[in-house]
Amino acid sequence: MNILTIENLSKSFGDNLVIDQMSFSVPKGSIFGFIGKNGSGKTTTMKMILGLLKPSRGTIEVCGERVKYGQTDTNRFIGYLPDVPEFYNYMTAYEYLKLCGEITGLSKKTIKDRRIELLGLVGLDHNNKRIGTFSRGMKQRLGIAQALLHEPKLLICDEPTSALDPIGRKEILDILATVRGKTTVIFSTHILSDVERICDHIGILHHGKIILSGTMQEIKKYYHQDSCLIEFSNIHDRDRFLQATTIENLESSTTTDRICVILKSQALKRMMQEIMSEMIRLDIVPVKIEILDPTLENLFLEVVK
Amino acid sequence: MRPYIVFTKKELIEYGRTYKFFILFTIFIALGFMNPLTAKFMPKILESFMPEGIEIQLPPPSSLDSWAQFFKNVTQTGLFVAIIIFSGMMSREYEKGTLVNMITKGLPRQTVILSKFTASTLLWTLSYWTCFLITHIYTMYFWKGETVLELATSTLFLYLFGIMLISVLLIGSTLFKNSYGGLLFTEGFIAILFLLKLSHKIDNYNPLQLANQNINLLSGNLHPSKLKSPLFVCCTVIILSIISSILIFDKKQI
């Protein structure tokens, strides 16, 4: 079952077409990485899902209900963490969560229980300082707590890790990983290592369109292009190796960087055999031969080319 | 109903913790004391500033002078401070983006407007009537036995005029993302009221009369029934302002 379905969504600001006929869906229980360059339309899409922006065309459905701009009932399914969450600085984290809970219409007891549980989860329990004194990482964590307060079916996080230091990033990712299974998460970012760490589904946004989407494994498999890195002990060895006719005849692309060579091919096994037999023939002992895993970064750079 | 109470409470906490209520209330208390004292001691003060040999004849101060000070100070200083304090009602929330969380949590948009109006009107009510009470007690003390006419009506008129300015400010603040926008909008509204004074016909309906005919009411030069039309216009402006603020905010991208 899909928690979120977007069909033929378009949005333009004046003449500027930001989202162009976008369609994709997010299955229940997944952590969906929404990847795109800065300004590719990630935040715009999220705001339309929340009913904060009016789409120019197309439909959005959350849990089978259509999103309407302005008065949005669908927001009861959604928890939202904005890219830079802003709170009332004169309140404490505890008071802010109480305010959120009361607005959502939770019972007093639920609010109390959830507050204690969530502040513990994000590590802000025993903090009685006003939000105005919080660091960015603390605000981001409070943001997750308020987004999870009403146990939403869908958690939307807009670049939750982009402005944080490595420790802050790890904390946020760990919290997101703990809600896996209970809540579906959409997580926009341009930090690909974060996506690789926790997402199981991804969608790549480019020029207002989803140009690639699916599960992480599927995508990696589909775009599988094996590459092999060889490090030589000196440049002389490298050149001798590259000039060998068998290597020149290999159907592959080659990149060289001083004493390292990266060879790419669709047929890994055959390539490896030829590389090794060639090395024995030329009497070259390499420092290292390594089969490289396909990374999301290479994939991203390839599809947005 | 619950979101309305919750959000109004949040507004009141905000005015309290950001010292806005403190500033407003202190100024109105100070004005409350100043009104009768200035009226009482003005002749003596003026006398002490006069060069020797020159004498001025001033009539002895009366309770009417004290109330004249009240209406002058509240319209010129009190309302001015109140407008500045309330000017960021909506725009500050836009600027900081703090409403996004509230709206996505399911807070109805019209509740935001109604709560903002309620909280600011409550503050205005408390400050205004405290100021009134202090002036009233001291005036009775200094000028025992002296009475003025239509005191309740006259002060109520100015009170309503204040609420009208708050409601107009609410539209301005909802329209603009910058707090100066709301301020200029309200100033523009007041400027129009002053311009309307030029035409006798329209001036009969001008709500500005509620704020500048008060002394004439107290001294008996004007009967309250003459201000029926301005009163009607004032109440209409309040209601229309709240409705239009709600409609504007419904369409606003936050």
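Rules behind the numbers
Sequence order sets the numbering: in each chain, residues are counted from 1 along the sequence as written. Written order determines the labels here, with chains lettered from A and ligands numbered from 1. Totals for whole chains, interfaces and linings use every residue, but because this is a predicted model, local features are given only for residues with pLDDT of at least 70 and side-chain atom pairs only at 80 or more, for both listing and counting. With hydrogens and water set aside, each side-chain value is computed from the structure's full complement of heavy atoms. By definition, any uninterrupted DSSP run of H or I lasting at least four residues is a helix, any uninterrupted run of E lasting at least two residues is a strand, and each is numbered from the N terminus. Burial classification: accessible surface area is computed with a 1.4 Å probe over protein chains only, and a residue below 20% of its type maximum counts as buried, one above 50% as exposed, and the rest as partly exposed. Under this rule, positive means Lys or Arg and negative means Asp or Glu; His and the chain ends count for nothing. For this purpose, a charge sits on NZ of Lys, CZ of Arg, CG of Asp or CD of Glu. In this scheme Phe, Tyr and Trp rings, the latter by its six-membered ring, pair at centre separations within 6.5 Å, and the angle between planes marks the pair as stacked below 30 degrees, edge-to-face above 60, and tilted otherwise. Residues enter a nonpolar core if they are buried and are Ala, Val, Leu, Ile, Met, Phe, Trp, Tyr or Cys, with the set joined through side-chain atoms within 4.5 Å. Only heavy atoms enter the contact rule, under which two residues are in contact if any of them lie within 4.5 Å. Buried surface area refers to the total accessible area, computed with a probe of radius 1.4 Å, that the two partners give up upon joining, counted for both partners together. By convention in these notes, a salt bridge is any Lys or Arg side-chain nitrogen within 4 Å of a carboxyl oxygen on Asp or Glu. Pairs of N or O atoms within 3.5 Å make up the polar contacts considered here, provided that, within protein, one atom can donate a hydrogen while the other can accept it, and that residues adjacent in sequence are counted only when both atoms are side-chain atoms. Three residue categories are used. Nonpolar comprises Ala, Val, Leu, Ile, Met, Phe, Trp, Tyr, Cys and Pro, charged comprises Asp, Glu, Lys and Arg, and polar comprises the others, including Gly. The pairing criterion is simple: DSSP has to find at least two bridges between the two strands. Note on method: axes are straight lines fitted to C-alpha atoms, helices fitted across the in-contact stretch only, with angles between N-to-C directions ranging 0 to 180 degrees. Small angles under 35 degrees read as roughly parallel and large ones over 145 as roughly antiparallel, with 65 to 115 read as roughly perpendicular and the rest as oblique. Crossing handedness is read from the near helix: turned anticlockwise from the far helix by less than a right angle, it gives a left-handed crossing, and turned clockwise, a right-handed one. For the purposes of this analysis, a disulfide is any pair of cysteine sulfur atoms at a distance within 2.5 Å. Take the residue count of a helix, subtract one, and multiply by 1.5 Å to get its expected span. Regarding the arc, it is the one traced by the directions from the helix axis to the C-beta atoms.

Undergrad: How would you summarise the overall build of chain B if you had to cite specific residues and measurements?
TA: The secondary structure content of chain B amounts to twelve helices and zero strands. Walking chain B from its N terminus toward its C terminus, one meets helices and strands in the order α-α-α-α-α-α-α-α-α-α-α-α. Each of the three principal axes of chain B carries a C-alpha extent, and together these read 70 × 45 × 35 Å. Looking at chain B as a whole, 47% of its 254 residues qualify as buried. Counting 21 positive and 13 negative side-chain charges, chain B places the averaged centre of each group 14 Å from the other.

Undergrad: Residue-level account of the packing of aromatic side chains, with values.
TA: What the rule picks out here adds up to 27 aromatic pairs over all chains. Note on A:Phe32 and A:Phe34: the rings are 6.3 Å apart at their centroids and 40° apart in plane angle, and the pair reads as tilted. Just as A:Phe32 is buried, A:Phe34 falls in that class too. Note on B:Trp124 and B:Tyr128: the rings are 5.0 Å apart at their centroids and 40° apart in plane angle, and the pair reads as tilted. Note that B:Trp124 and B:Tyr128 are positioned in helix H6 (residues 109-142) at a spacing of four residues, about one turn of the helix. B:Tyr128 gets classed as buried once you look at its relative accessible area, which sits at 0%. Taken together through their ring pairs, the aromatic side chains of B:Phe28, B:Trp67, B:Phe70, B:Phe71, B:Trp124, B:Tyr128, B:Trp129, B:Phe132 and B:Tyr159 make up a single cluster.

Undergrad: Hey, could you go over the nonpolar core for me, with residue numbers and the actual values?
TA: A:Leu4, B:Phe86, B:Leu99, B:Met102, B:Trp124 and B:Phe161 are the most contacted members of the largest nonpolar core, which has 143 residues in total. With 13 residues, helix H7 (residues 151-175) of chain B is the largest single contributor of residues to this core. With residues up to four places along the chain from it excluded, the contact list for B:Phe86 reads B:Tyr15, B:Leu24, B:Ser120, B:Leu123, B:Trp124, B:Ile166 and B:Leu169. A:Ile230, A:Phe241, A:Leu263 and A:Ile275 belong to the second-largest nonpolar core, a separate cluster that totals 16 residues.

Undergrad: So what's going on with the interface of chain A and chain B? Residues and values would help.
TA: Every contact between the two is made by 33 residues of chain A and, on the other side, 29 residues of chain B. Three residues stand out in chain A for area buried against chain B, namely A:Tyr88, A:Tyr90 and A:Ile103, and they jointly supply 26% of the buried area on that side. Taken together, the links from chain A to chain B amount to two salt bridges. When the shortest N-O distance is used, the salt bridge between A:Glu86 and B:Lys96 registers 3.9 Å. Linking chain A to chain B there are nine residue pairs in polar contact (both at pLDDT 80 or more). Where the side of chain A that touches chain B is concerned, the elements lending two or more residues are helix H2 (93-104) and helix H4 (136-148) of chain A. Among the elements that line the side of chain A that touches chain B, the one with the most residues is H2(A), at eight residues. For the side of chain A that touches chain B, the per-class residue count stands at 17 nonpolar, eight polar and eight charged.

Undergrad: Run through the side chain of B:Lys252, naming residues and quoting values.
TA: Residue placement: B:Lys252 occurs in the segment after helix H12 (228-251). The side chain of B:Lys252 sits in the buried core without any salt bridge; B:Glu95 is the nearest counter-charge, 11 Å away. Discounting chain neighbours no more than four positions away, the residues touching B:Lys252 are A:Tyr69, B:Tyr94, B:Arg109, B:Thr174, B:Leu175, B:Phe176 and B:Lys177.

Undergrad: Can you break down the sheet that holds strand S6 (residues 78-81) of chain A residue by residue, with the values?
TA: Residue and element names in this part refer to chain A. Spatially, the six strands line up as an open sheet ordered S6-S7-S8-S3-S9-S10, and their pairing is mixed. Both outer strands of the open sheet, S6 and strand S10 (209-215), are each paired with one neighbouring strand and no more. For this sheet, the mean inter-axis angle between neighbouring strands, taken without regard to orientation, is 15°. As paired strands, strand S3 (residues 31-36) and strand S9 (residues 201-206) are joined by five bridges and run parallel to one another. When the sheet's bridge partners are listed, Gly-33 is paired in S9 with Ile-202. On the sheet, H4 packs against S6 and strand S7 (154-158) and is oriented at approximately 170° with respect to S6. With respect to the sheet, helix H11 (residues 296-303) is in contact with S3, S9 and S10, its orientation differing from that of S9 by roughly 35°.

Undergrad: Any chance you could break down the packing of H6(B) against H12(B) for me, citing the residues and the numbers?
TA: All names here are of chain B. In the contact formed by H6 and H12, the axes pass within 9 Å of each other and the chain directions differ by 140°. One element, H6, and the other, H12, form an angle in the oblique class. Every pair of crossing elements has a handedness; the one defined by H6 and H12 is right-handed. Taken together, the residues of H12 that come into contact with H6 (itself represented by Arg-109, Gln-110, Val-112, Ile-113, Leu-114 and Phe-117) are Ile-238, Ile-242, Ser-245, Ile-246, Phe-249 and Asp-250. Of the residues assigned to the contact of H6 with H12, the class counts are eight nonpolar, two polar and two charged.

Undergrad: Can you lay out the state of the cysteines for me, pointing to particular residues and giving the numbers?
TA: As enumerated under the stated definition, the model contains zero disulfides over all chains in all. Between A:Cys100, a cysteine without a disulfide, and A:Cys157, which holds the nearest cysteine sulfur, the sulfur-to-sulfur distance is 15 Å. The thiol sulfur of B:Cys131 is not disulfide-bonded, and the nearest other cysteine sulfur, from B:Cys234, lies at 19 Å. Accessibility expressed as a relative area gives 0% for B:Cys131, which makes it buried.

Undergrad: With reference to specific residues and values, describe helix H10 (residues 268-282) of chain A.
TA: Residues and elements named next belong to chain A. Spanning 15 residues, H10 covers 21 Å between terminal C-alpha atoms, matching the ideal 21 Å at 1.5 Å per step. Three or more residues of H10 are buried, namely Leu-268, Met-271, Met-272, Ile-275, Glu-278, Met-279 and Leu-282. Each buried residue of H10 sits inside an arc of 135° when the element is viewed along its axis, so together they form one side. Residues Lys-269, Ile-280 and Arg-281 are exposed on H10 and point more than 90 degrees away from its buried face. In this fold, the buried residues of H10 make contact with strand S11 (226-231), helix H8 (235-243), helix H9 (245-249), strand S13 (260-265) and strand S14 (288-292). Of the residues flanking the end of H10, it is Asp-283, one or two places downstream, whose phi is positive at about 60°.

Undergrad: How would you sum up the pairing of S11(A)? Please name residues and give values.
TA: Residues in a regular strand project their side chains so that they alternate between the two faces of the sheet. Residue and element names in this part refer to chain A. Most of S11 sits inside the fold, with five of its six residues counted as buried. As paired elements, S11 and S13 share six bridges and run antiparallel to each other. Across the sheet, residue Glu-231 finds its bridge partner in S13, namely Cys-260. In the sheet, S11 pairs with S14 via five bridges, with the strands oriented antiparallel. Bridged to Cys-228 within S14 is Ile-291.

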